[in-house]
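So you can see what is in the structure, the chains are spelled out below.
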Amino acid sequence: MTERFTEATGTALIGGTEERASRSLRALSLPVALIGAVLALAPLWLGDSRVQMGVAVIGLTFACYAIGFNLIFGSTGQLFLCVGALAGLGGYGGAILADTVGLPIIVSIVVATLVASLVGGLLSWIAVRRSLGVIFTGIITLIFALAFENLLLGLGGVSGGESGFPISSGADSFLRRQIPPYYVMLGLMLVFLLAHGLLRRSHVGWAFRALRDDEVAAELAGVDVARYRVYAALIGAAMLGMAGATYAFTEGRISPTTFGFAQVDVVVLVMLAFGGIGTLFGPILGAITFTALDEVLIELGQLRVLVYGILVIVLFLWIPRGVIPTLQGLLRRRRAS
Amino acid sequence: MMLEVSGLAAGYQGADVIRDVDFHVDSGEAVMIIGSNGAGKTTLFRSVLGLLAPSSGAVRFEGSDIVGMPAQRIARLGVSFVPAERHLFPRMTVQENLALGAYPDRPDTETMTLVMDLFPRLAERRRQHAGTMSGGEQQMLAMGRALMAKPRLLVLDEPTTGLAPKLAAEAYQALRVLRGRGLTVLVAEQQVPLAMAFSDRGYVLENGMIELEGTSEALSMNPEVRRSYLGVT
Amino acid sequence: MIASVLDGIVLGLQFGLLAAGLTLVYGLGGVLNLAYGQMAVISAMATLFAINAEVPILPAVGIGLAVGVVLGLIFDQTILRPIYRLQGEARVLLSLLLTLGVAFIVDGYLTWRYPTEGLTLRIGGGPIEILGVPMRRGSIVASAITLVALGALFAFFRGTTLGRAVRSVIEDEEGARLVGIDPQRMLRIILALSGLLAALVAVTQSMVRPVTVSAGFGITVFALIVTVVGGLGSVTGAMLAGIILGIVSSIAASSIGTFLSLIILLGAAAVTILIRPSGLLGVRE
């Protein structure tokens, strides 16, 4: 209780957000650095296989997606079923800007990220303005996701249609080699993690938690629910777009299925639900677990979809809050007794 | 005893709104439950009639245990409930609303005629959609629908709320006619004088407990009752 | 142009009947069944297997329809049990997630086991001319069956006690309980009905084009779009929206291609949600 009060009035009492931020930064740095260090070692035994490194890169990309989705859904309760589409805006946007328009890769990634961020913010703003509940927000974002996928398929001239878009920009650069993409995506993920962590500890994070727990009470306490929802969407969508764009340049070829609903959204949802919606490290846990699981199940082919279906049901029936919060609950109970 | 309630306690989210409530209704009687707003009258009726699970207590109707039974089963035992919010079917016509009152049977013409005679306004509006009718007409429709099931006990929760005095009097006039035909009535009321003139016995419910009981006559002479509910200083 | 409109009406009738099943379950039980398309596919496969086992067409179709009904009942007894314990928004969300899981289980299994199968019911005989346009006999038969089914639905809901009882639960659940109607039992009946409708649409659709094992999610998306535009909980709305969207889709597909015409349908659903969330004739918000 006091912690929240201090966080909220932090600026006034402790004298500036900088000091708060630097204290939080120190507390956060340790676990993030640890995760970074551990994951940085992975290429030591995976590095020889191009396929396995590819899978690892995908795993990190999904971790980034999960962090972005966590920010939108976990922090402010907006069910965005267009994670893949927002990442796709980044991916296809970056690819088109670099190859077709001829912009440098970095610029392409930045612009594509901005586009994804604005679209995410727009969707959130619309949902807020029309007071769409969780269900209708989900349906509207699902509609956007399906429309985007069909747009990619329909405008073959621009997007390459069903066969995909081979990206020639950066083909000779370090981005396409075996090991560097891993560190690029790892770096991105760690930055996202830090950003999310800092956000949580700031007054913005407090506002997020307040409005997720009880919207009406938050409004009464002076939290502009609409504004914070849109903020979360802007930042989360930016993460999705940036991850999608960066991934596209490391992969070299993207197609509508790279960013499809069944391929991205469902997986990210399962990852986050497993790890713990709203927690800081839940997305990482979920991403690692399910990337590994997917590799184990690779022989099953189409049957993998069946396994995912079973997992969704088991997860939402028995561990709805996710592994991390459930474990925290168990530990708390043991400490109390 | 037709309806016997003993030791009833019920509430929402763990907190009991009514506690240790005992009352009974004998066949052919008219019994009222009076009390101020928030006293727990609605909670009481909902828990007796299967819309809310009681936390403890017993309810017997014509000798059988009905506590915990869901509302739709109780409705088929010969008890009809007219709730405060009426819960009509807004996009269905008066005719359809009434017909459904007799579910699962088809509506029989004798009962339909009775209802139309008691509430002539309904007869005029047979094909009107229930949602477009005025408050008073809706109240009559709710009562009519409850009667279509040919109940032996009719329970009403604040039937005169929002009704003009003339309509409120008409509602109670209809209830008198029905009593004459052998219907047993249990009514919760805020408009105490109307209920008192109509009932044989009554209970006073305050803060979730029965504070007083007695014949209507005795209650009408009770100084507490006179002060709190009859506005006599 | 007329050909497109007529094709659109054929398509639209199917849309309407399909959406009716989904919208009824939502309107009555507050449950969004995302495994609806898979129910249709399973029924189609049952019919296919029956035909492959030398069962004559009519009984084979009967088997498919029966499977649809049974699927609806199984849903009610199994996957929906935990969902019934919740209310309102939580209920819709959980139903969305759990039925999505079921959809993946069914889709994953069927596409793995029978990747190339599809049901096709060939209706013999030459084309029939309507308004000067030669229409395939299969389309005409499919539309005729759909019209009869829609008529039967209408008669059921307006003219029978059971039908009115179902409507009353959609109108006011507590009011229905007060007159002795059991909402759970009504929901069970409606789920069986929605399974039947899914099966019927699958079978009639196979007279026009093959219904493949992977068609499940596509069917669900179409049903969802039409349901949203027609209004959650309204069968008449679903019919109306179905025909309108069918015609729009048909005209669009012939001018700008299938992918982009789907975007138009999606756009229609989006616009409905933004401007008039209750849909054309909806009940629940």
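Residues numbered from 1 in each chain as written. Chains lettered and ligands numbered in written order. Predicted model: local features only at pLDDT ≥ 70, side-chain atom pairs only at ≥ 80, totals over all residues.

Visitor: Can you walk me through the overall build of chain C in this structure?
Guide: Along chain C, the regular secondary structure elements total 12 helices and four strands. Its C-alpha radius of gyration of 18 Å places chain C within 12% of the 19 Å reference for a compact globule of 285 residues. Viewed in the frame of its principal axes, chain C has a C-alpha envelope of about 55 × 45 × 35 Å. Partitioning the contacts of chain C with sequence separation of at least 6, the portion at a separation of at least 24 is 78%. (Helix = DSSP H or I, 4+ residues; strand = E, 2+ residues; numbered from the N terminus. Rg over C-alpha atoms; globule rule 2.2 N^0.38 Å. Contact = placed C-beta atoms within 7 Å.)

Visitor: Please explain the overall build of chain A as it appears in this structure.
Guide: Across its full length, chain A carries 16 helices and two strands. Taken over the C-alpha trace, chain A has a radius of gyration of 20 Å; the compact-globule value for 337 residues is 20 Å, and the two agree within 12%. Seen through its principal axes, chain A has C-alpha atoms that stretch 55 × 45 × 40 Å.

Visitor: Would you explain the confidence of the model for chain A in this entry?
Guide: For any part of a model where pLDDT is low, the fine detail of the predicted coordinates should not be relied upon. All names here are of chain A. Of all residues in chain A, 92% have pLDDT values of 70 or greater, and the mean over the chain is 83. Across chain A, the element-wise mean pLDDT spans from 32 in helix α1 (residues 2-15) up to 93 in helix α6 (residues 105-129). Long-range and interchain partners of residues 1-21, a stretch whose pLDDT sits below 50, account for 15 contacts in this model, where long-range means more than four residues apart. (pLDDT = per-residue confidence, 0-100.)

Visitor: So what exactly am I meant to see when it comes to unusual backbone geometry here?
Guide: Negative phi values dominate among residues other than glycine, just as trans dominates among peptide bonds. Residues and elements named next belong to chain B. Cis geometry is found at the peptide bond from tyrosine 103 to proline 104, where omega equals 0 degrees. Mapped onto the fold, proline 104 is located in the loop between α3 (94-101) and α4 (109-118). You will see that glutamate 158, though not glycine, has its phi angle at about 45 degrees, which is positive. Its location among the elements puts glutamate 158 in the loop between β7 (153-157) and α7 (165-180). Using a count of 22 C-beta atoms within 10 Å as the deciding quantity, one classes glutamate 158 as buried. (Buried ≥ 20, exposed ≤ 12 C-beta atoms within 10 Å, placed from the backbone.)

Visitor: What is the right way to read the interface of chain C and chain A from this model?
Guide: It is common to give the size of an interface as the accessible area lost on bringing the parts into contact. If you look at the interface, chain C gives 31 residues, while chain A gives 29 residues. For the side of chain C that touches chain A, the elements supplying multiple residues, two or more each, are α5 (88-113), α10 (216-230) and α12 (258-275) of chain C. The element that contributes the greatest number of residues to the side of chain C that touches chain A is α5(C), accounting for 17 residues. Considered class by class, the residues forming the side of chain C that touches chain A number 25 nonpolar, four polar and two charged. (Nonpolar A, V, L, I, M, F, W, Y, C, P; charged D, E, K, R; others polar.)

Visitor: Would you mind showing me how to read the interface of chain C and chain B here?
Guide: Counting residues at the interface gives 15 residues for chain C, matched by 20 residues for chain B. Among the elements of the structure, α7 (161-171) and α8 (173-178) of chain C are those that each provide at least two residues to the side of chain C that touches chain B. Across the side of chain C that touches chain B, the residue classes tally to four nonpolar, four polar and seven charged.

Visitor: How should the pairing of strand β2 (residues 15-25) of chain B be read in this particular structure?
Guide: All names here are of chain B. Bridge count between strand β1 (residues 3-12) and β2: seven bridges; the pairing is antiparallel. When the bridges of β2 are listed, alanine 10 appears paired with isoleucine 18. Connecting β1 to the next strand, β2, in antiparallel fashion are two residues, including glutamine 13 with a positive phi near 50 degrees. (Pairing = 2+ DSSP bridges.)

Visitor: It is not clear to me how the sheet that holds strand β4 (residues 56-61) of chain B should be interpreted in this structure. Could you clarify?
Guide: Strand pairing in a sheet takes place through backbone hydrogen bonds and is either antiparallel or parallel in direction. Residue and element names in this part refer to chain B. Taken in spatial order, the four strands line up as β2-β1-β4-β5 in an open sheet, and their pairing is antiparallel. With one partner strand each, in any of the chains shown, β2 and β5 (64-65) form the two edges of the open sheet. Pairing analysis gives five bridges linking β1 to β4, with the strands arranged antiparallel. Residue pairing for β4: leucine 3 is matched across the bridge by phenylalanine 61.

Visitor: Which parts of the structure should I look at to understand the pairing of β7(B)?
Guide: Residues and elements named next belong to chain B. Within β7, five of the five residues are buried, which leaves the element mostly enclosed by the surrounding structure. Burial along β7 is two-sided: Leu153, Val155 and Asp157 and Leu154 and Leu156, pointing in opposite directions, are all buried. Two strands pair when backbone bridges link them, and β7 and strand β8 (residues 184-189) are joined in this way by five bridges, in the parallel orientation. Within β8, the residue paired with leucine 156 across the bridge is valine 187. Assessed by its sense of winding, the connection that carries the chain from β7 through α7 to β8 is right-handed. (Right-handed = clockwise from strand over helix to strand, strands pointing away.)

Visitor: Please explain the sheet that holds strand β9 (residues 201-206) of chain B as it appears in this structure.
Guide: All names here are of chain B. Here we have six strands laid out as an open sheet, ordered β6-β7-β8-β3-β9-β10, and mixed in their pairing. At either end of the open sheet lies a strand with only one pairing partner, and these are β6 (79-82) and β10 (209-215). Within the sheet, the average angular offset between the axes of one strand and its neighbour, ignoring direction, is 15 degrees. With four bridges joining them, strand β3 (residues 30-34) and β9 adopt parallel strand pairing. (Axes fitted to C-alpha atoms, helices over the stretch in contact; angles between N-to-C directions.)

Visitor: Teacher, can you tell me more about the nonpolar core here?
Guide: When a protein is soluble and globular, its nonpolar side chains tend to lie buried together. Formed by 284 residues in total, the largest nonpolar core has its most connected members in A:Cys64, A:Tyr65, A:Val268 and C:Ile225. For this core, the element with the most residues is helix α12 (residues 225-251) of chain A, which contributes 17 residues. Not counting residues up to four positions away in its chain, the partners in contact with C:Ile225 are C:Leu245, C:Leu265, C:Leu266 and C:Ala269. (Core = buried A, V, L, I, M, F, W, Y, C linked by C-beta atoms within 7 Å.)

Visitor: What exactly am I supposed to notice about the arrangement of the chains here?
Guide: Looking at the two pairs of chains with contacts, the pair that accumulates the most is chains A and C. Note that chain A does not reach chain B: the shortest distance linking a C-alpha of one to a C-alpha of the other is 18 Å.

Visitor: Teacher, can you tell me more about the packing of helix α1 (residues 2-29) of chain C against helix α6 (residues 137-159) of chain C here?
Guide: Any two packed helices are characterised by the angle at which their axes cross and by the distance between the axes. Residue and element names in this part refer to chain C. Contact geometry of α1 with α6 gives a least axis separation of 9 Å together with a crossing angle of 40 degrees. Crossing of α1 against α6: the hand is left-handed. Along the contact surface, α1 presents Val10, Leu13, Gln14, Gly16, Leu17 and Ala20, while α6 presents Ser139, Ala142, Ser143, Thr146, Leu147, Ala149, Leu150 and Leu153. In terms of residue class, the contact of α1 with α6 is built from nine nonpolar, five polar and no charged. (Left-handed = near helix turned anticlockwise from the far one by under 90°.)

Visitor: How should the environment of A:Arg227 be read in this particular structure?
Guide: Turning to its location among the elements, A:Arg227 is positioned in helix α12. C-alpha of A:Arg227 to C-alpha of A:Asn150: the two residues are 77 residues apart in sequence and 31 Å apart in space.

Visitor: What is the right way to read the packing of helix α11 (residues 235-256) of chain C against α12(C) from this model?
Guide: All names here are of chain C. At their nearest, the axes of α11 and α12 sit 7 Å apart, and the two run at 150 degrees to each other. Every pair of crossing elements has a handedness; the one defined by α11 and α12 is right-handed. Listed contacts from α12 to Leu245, Val248, Ser249, Ala252, Ala253 and Ile256 of α11 are Thr258, Leu260, Ser261, Ile264, Leu265 and Ala268. Here the residues of the contact of α11 with α12 sort into nine nonpolar, three polar and no charged.

Visitor: What exactly am I supposed to notice about the confidence of the model for chain C here?
Guide: Per-residue confidence for chain C gives a mean pLDDT of 88, with 98% of residues at or over 70. Two summary scores accompany this predicted model of the complex, namely pTM at 0.85 and ipTM at 0.90.

Visitor: Explain the environment of B:Leu52 to me, please; I cannot follow it from the model alone.
Guide: All names here are of chain B. Position of leucine 52 among the secondary structure elements: in the loop between α1 (41-48) and β4. We classify leucine 52 as partly exposed; it has 18 C-beta atoms within 10 Å. Expressed as a C-alpha distance, the spacing of leucine 52 and arginine 121, which sit 69 residues apart in the sequence, is 33 Å.

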